[in-house]
Each structure stands twice: as structure tokens, then as C-alpha cells.
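Below, each chain spelled out in residue letters.
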Amino acid sequence: MKRITFTFLLVILLIGQSFGQKRKPNPATYLQAGPMVGYCEMREVMLWVQTRIPATVHIEYQAQNPKGPVFKTNAYNTTEEEAYAAHLLANKVQPGLTYDYTLFINGSPVKRPYPTTFQTPPNWKYREEPPTMKIALGSCSYINDSIYDRKGKPYGGDPVIYTSIHEKRPDMMLWLGDNVYSREPDWWTRTGWYHRYSHSRKTEEMQALLGSTAHYAVWDDHDYGPNNSDRSYRAKDIAWETFQHFWANPSYGVNGKKGVTTSFVWGDAEFFLLDNRYFRDPNDKKTQTRSILGEEQLQWLIDALISSTSKFKFVCMGGQLINTVDKYENYANIAPAERQYILNTIATEGIKNVIFLTGDRHHSELSKYEKNGITIYDFTVSSLTARAYDAEKEPNALRVPGSQVGQHNFGIMTIEGPRKERTLVLEIFDKTGKSLWKYEVAVEQ
């Protein structure tokens, strides 16, 4: 009797254990946002991902054509202190190849409902013609958050625009500031900043774009601090650290200084990403000449432009430079002497094919400045989803006629053609991907 009872109890225990066993969680449930492709160099690519809770992440990647071996990034344990974000370095790549990659969370693959790929820039110089490049750009990305938004009509527009950008299959995307819109509760704490970036980055319509295009970013006031923030903003180092957690730029700051300044080269184009907030004088300062970039960053920019051997020199910054209207946060209003110094120096030094890529203004337009036979452009692209404004009546004396757009939009720059006959085409699209205007820049040889 005792033996039967013991056997019966053992069976019941085993059955209970079987039903009580926890199923292995789906690794996708750990995923908050991404994966995202960050900077892409010929021999390494940085990939980014964010989880919801602590997890171990790594990425496996393989060249498409010719198909190569499977490589792995190092594994990284995400933590709350770093917003559960991870930067994963793919450093077994070769120039000019496209790679498929797969995210792993806690050792299990996470399948995404879209292709996850990245490409490395080609090693073209002295070997072949420069590559064709398609570059997406935009600014002012406001994602509604009803808990913290003001009452009334939502300020953020249809996020379908990110799907439309992805459908253009750009090689890279330049985020030109106000890439998130901080609200009052976000400004003073790491908790607030982490929430704001996390809320925006998980937007469903962004994910396919993040997963297959190289992304580079600068900031403007709303992803740096309160409206019109300058160097006096108390929590600017928290904002700077958060920026580094959520973007995967090549570097952050120059000459040992903080900020988001960096640069990179792709094909025959060099990109200079500026910080127009961290060193900025207060807008209302009256006793001295005001600066937006600060002396050291300004000198770095001039030196870098003079030294650049690239055909195209794109200077990315949150606010407009060339617009002549001395209102708002235009350079002509905040730091007119510095604006003129930059334009004069480029013209006097004879630096060809300098194009400023700017955001901030909630409308798009192209401005054109000419001096000493040198032409400088300012291609402003705004707004992605933050409320847009029609600025047709704003008296920008250097606006290219017909280029102003006062609705949600994004830009595409296309560079193509043989080395000595390169063309640069600037184009603006509405949120559905319909072309609104196109302009071919006269490339100076």
C-alpha cells in the first residue's frame, strides 16, 4: 500500500512539474526598438538596439554577394543605467559589400518583418568611378505622447512619412535636429530624457527604415533641451549622454570637447556634423558678439573644409545659415557676424561645392549665396511630423524661387555620374513619397 501511494505521489509531482514549467519567452518580447544601422565605414559598422528589460544581445552578419562566412559581434548586456541600449560593432566587414544581419536576444534570433541589411562604402578611389549615392534627410520629428502633450489638436503628424522614406531605399539618412521633441517633464532628469527618446524610437513606422539604412544625427533645441536652449542649459550633459546612447555616430565632439560634432566620408562626399547648441551664446546676449558654434568648433569647421579633398562638402546643422531674415533662430538673427565670417571664408578660400543641410524651421526651402565665383547652398528640410508652417511670405532674399514647402516632407539628395561629370539633385517629397519639387545643383569642377 505504501509503495502504491509513493508511486502515485511521484506521478502527480512529475505531472505538476510538467504543467508548471515556464515556456521559453519569445525573444522578440524583449525588443523595444531597432535594430538600427549607425555609422558605416569600409572596415566596421556600428549597429544599435534597445531592449525593454535587461538582456544579452549580439548580432550575426553575412555578406550577400559573394556570400561569405557568418560573423558575430561581441555580446552586450543591456542595463537600465544605459536606457537598455546597446552599440554592437561589426568589425569583420569589407568595403563595398551589402550584408544581411540578424539580432539575437538571450541567444535566440529575433526575426523582423522586413529585411535587415547594411552596406559598407566602396573603396573606389584610384580604382573606379565614384559611387551613386542616395541620401535621405529631414528634421523635426514629433511623435505624439498623450500623457505629456498639451491639450488640443495633436502636434505630431502621420508617421507614415518614415515608411515613405524607407521605400526610397536611401543609402543613408541624415537627421538634422529636433529628432525628438522633449516636453517639460523631460528636461531636467535622465529618466525624462530616456523616456522621450525611447517613446519616439519605438515608433512602428520607423523600424524598417532604421533597420536597413545608415543613420547619422545632429541635434537642435528640442532634442537638446527646452525651446531655444543655449550653453547655459543645466542638464546639457545628461542630454549629451542620452544622445550617445540612442545614436551611433562615428564620434561625439572634437578636440577633446563635448558636443555632437563629428564628420565622415562616403564616396566623393564628406559630411561635417555640427553642434549648434552646446557652445551657443544666449540668444538675448547684448554686450558681446554672439556665437552659435563657439570659437574652437568654428575653427575646426573652417580647417576641415579647407583640408577636405572630397568633391562635395555637406555641412549638417540644426538651424539655417543662409536665410537673410533676421528673425527666429536664423543665423542672420542670432549671430550675423559669425554667419558672414563663415560665408566670406568659404568664398575667399575658394572652397567649392559646399552645401549646408539644415532643419528647425518647420518648412523646407533652398537658399543660394554667391561670392567670388563660389556658390554656397543651404538646403533646409523640415518638418517630418512636427506641425508644418507655410513661410512663402517670409522675405528670404536668397531663396531659390518655388522651393518653399509648408507641409510635412522629407528630402532626397542623389549624387551620380562619372568623376568629372558628377550631378547633384535635390528633391523634396510629401509624406506619401510624392515629389513636390526638384533642383539640380551646378557642380563646380
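The structure reproduced in this document is the subject of the present report.

About the cut-offs
Residues numbered from 1 in each chain as written. Predicted model: local features only at pLDDT ≥ 70, side-chain atom pairs only at ≥ 80, totals over all residues. Heavy atoms only, no water. Helix = DSSP H or I, 4+ residues; strand = E, 2+ residues; numbered from the N terminus. Rg over C-alpha atoms; globule rule 2.2 N^0.38 Å. Buried < 20%, exposed > 50% of the residue type's maximum accessible area, 1.4 Å probe, protein only. Contact = heavy atoms within 4.5 Å. Areas by Shrake-Rupley, 256 points an atom, 1.4 Å probe, with all protein chains shown as cover. Core = buried A, V, L, I, M, F, W, Y, C linked by side-chain atoms within 4.5 Å. Lys, Arg positive; Asp, Glu negative; His and termini not counted. Salt bridge = Lys/Arg side-chain N within 4 Å of Asp/Glu carboxyl O. Polar contact = N/O pair within 3.5 Å; in protein donor to acceptor, adjacent residues only side chain to side chain. Axes fitted to C-alpha atoms, helices over the stretch in contact; angles between N-to-C directions. Left-handed = near helix turned anticlockwise from the far one by under 90°. Nonpolar A, V, L, I, M, F, W, Y, C, P; charged D, E, K, R; others polar. Pairing = 2+ DSSP bridges. Expected span 1.5 Å × (residues − 1). Phe/Tyr/Trp six-rings, centres within 6.5 Å; stacked < 30°, edge-to-face > 60°. Lys NZ or Arg CZ within 6 Å of the ring centre and 35° of its normal.

1. Let's talk about the overall build of the chain
And then number 1: Counting its secondary structure elements, the chain contains eight helices and 21 strands.
And then number 2: Against the globule reference of 22 Å for 445 residues, the chain gives a C-alpha radius of gyration of 24 Å, in line with a compact fold.
And then number 3: When each of the 445 residues of the chain is scored for burial, the buried share is 58%.
And then number 4: Across the chain, every contact between residues at least 6 apart in sequence was considered, and the portion connecting residues at least 24 apart equals 68%.
And then number 5: Approximately 19800 Å² of the chain is accessible, and the part contributed by carbon and sulfur atoms is 52%.

2. A word on the nonpolar core
And then number 1: One finds Leu-174 and Phe-379 to be the most contacted residues of the largest nonpolar core, which totals 59 residues.
And then number 2: When neighbours within four sequence positions are excluded, Leu-174 is seen to be in contact with Ile-135, Ala-136, Leu-137, Gly-138, Tyr-216, Phe-264, Phe-271, Cys-316 and Leu-357.

3. Overview of the side chain of Asp-171
And then number 1: Checked against the element boundaries, Asp-171 lands in the loop between α2 (160-167) and β11 (172-176).
And then number 2: No salt bridge forms around the buried Asp-171; measuring N to O, its nearest opposite-charge neighbour Lys-134 is 7.6 Å away.
And then number 3: In this structure the side chain of Asp-171 is engaged in a polar contact, spanning 2.7 Å, whose partner is the side chain of Gln-119.
And then number 4: In this view, Asp-171 contacts Gln-119, Thr-132, Met-133, Lys-134, Thr-213, Ala-214 and Trp-266; residues no more than four positions away in its chain are not counted.

4. Notes on the packing of helix α3 (residues 190-201) against helix α5 (residues 236-246)
And then number 1: Close contact between α3 and α5 brings their axes to 10 Å; oriented N to C, the two are set at 30°. For the pair α3 and α5, the sense of crossing is right-handed. Along the contact surface, α3 presents Arg-190, Trp-193, Tyr-194, Tyr-197, Ser-198 and Arg-201, while α5 presents Ile-238, Ala-239, Glu-241, Thr-242, Phe-243, His-245 and Phe-246.
And then number 2: A class-by-class count of the residues in the contact of α3 with α5 yields seven nonpolar, three polar and three charged.

5. Observations regarding the pairing of strand β1 (residues 31-40)
And then number 1: Burial within β1 is extensive, with 10 of its 10 residues counted as buried.
And then number 2: Looking at chain direction, β1 and strand β2 (residues 45-51) are connected through five bridges and run antiparallel. In the strand pairing of β2, Ala-33 is matched with Gln-50.

6. Regarding the side chain of Glu-427
And then number 1: Mapping Glu-427 onto the fold places it in strand β20 (residues 423-430).
And then number 2: One buried charged residue, Glu-427, remains without a salt bridge, the closest side chain of opposite sign being Lys-438 at 4.1 Å.

7. Quick word on the sheet that holds strand β15 (residues 312-317)
The pairing of strands in a sheet comes from backbone hydrogen bonds and takes either a parallel or an antiparallel form.
And then number 1: Taken in spatial order, the six strands line up as β13-β14-β15-β16-β18-β17 in an open sheet, and their pairing is mixed. Because the sheet does not close on itself, it has two edges, and the strands there are β13 (262-266) and β17 (365-371). Taking the axes of each pair of neighbouring strands and ignoring which way they run, one obtains an average angle of 20° across the sheet.
And then number 2: With seven bridges joining them, β17 and strand β18 (residues 374-380) adopt antiparallel strand pairing. By the bridge assignment for β18, Tyr-369 is matched with Ile-376.

8. Quick look at the environment of Pro-95
And then number 1: With respect to the helices and strands, Pro-95 occurs in the loop between β6 (85-90) and β7 (98-105).
And then number 2: Sequence-distant contacts of Pro-95, defined by excluding residues within four places in its chain, comprise Met-42, Arg-43, Thr-120, Pro-121, Pro-122 and Asn-123.

9. Regarding helix α8 (residues 336-348)
And then number 1: For α8, which comprises 13 residues, the first-to-last C-alpha distance of 18 Å matches the rise-based estimate of 18 Å (1.5 Å per residue) to within 8%.
And then number 2: Among the residues of α8, those classed as buried are Glu-338, Arg-339, Ile-342, Leu-343, Thr-345, Ile-346 and Ala-347.
And then number 3: Immediately downstream of α8, the backbone of Gly-350 shows phi near 70°, a positive value.

10. Focus on unusual backbone geometry
And then number 1: Put simply, Asn-65 and Pro-66 share a cis peptide bond, and its omega is 0°.
And then number 2: Along the polypeptide, Pro-66 turns up in the loop between β3 (56-63) and β4 (71-72).
And then number 3: Of the consecutive residues Ser-382 and Ser-383, the connecting peptide bond is found in the cis state with omega at 10°.
And then number 4: Positive phi is not limited to glycine here, since Arg-169 has a value of about 50°.
And then number 5: Of note, Arg-169 is situated in the loop between α2 and β11.

11. Notes on the packing of aromatic side chains
And then number 1: Tallying each qualifying case throughout the model produces 30 aromatic pairs.
And then number 2: Ring centres of Tyr-142 and Tyr-155 lie 4.9 Å apart, and the angle between their planes is 70°; on these two criteria the pair is classed as edge-to-face. Of the two residues, Tyr-142 is situated in the loop between β10 (133-138) and α2 and Tyr-155 in the loop between β10 and α2; the sequence distance between them amounts to 13 residues.
And then number 3: Taking the relative accessible area as the measure of exposure, Tyr-155 reaches 26% and is therefore partly exposed.
And then number 4: Through a chain of ring-to-ring contacts, three or more aromatic side chains come together here, namely Tyr-162, Trp-175, Trp-187, Trp-188, Trp-219, Tyr-224, Tyr-233, Phe-243, Trp-247 and Tyr-252.
And then number 5: The residue whose ring lies beneath Arg-183 is Tyr-142, and the NZ or CZ to ring-centre distance is 4.1 Å.
And then number 6: We note Lys-236 situated over the ring of Tyr-278; from NZ or CZ to the ring centre the distance is 4.1 Å.

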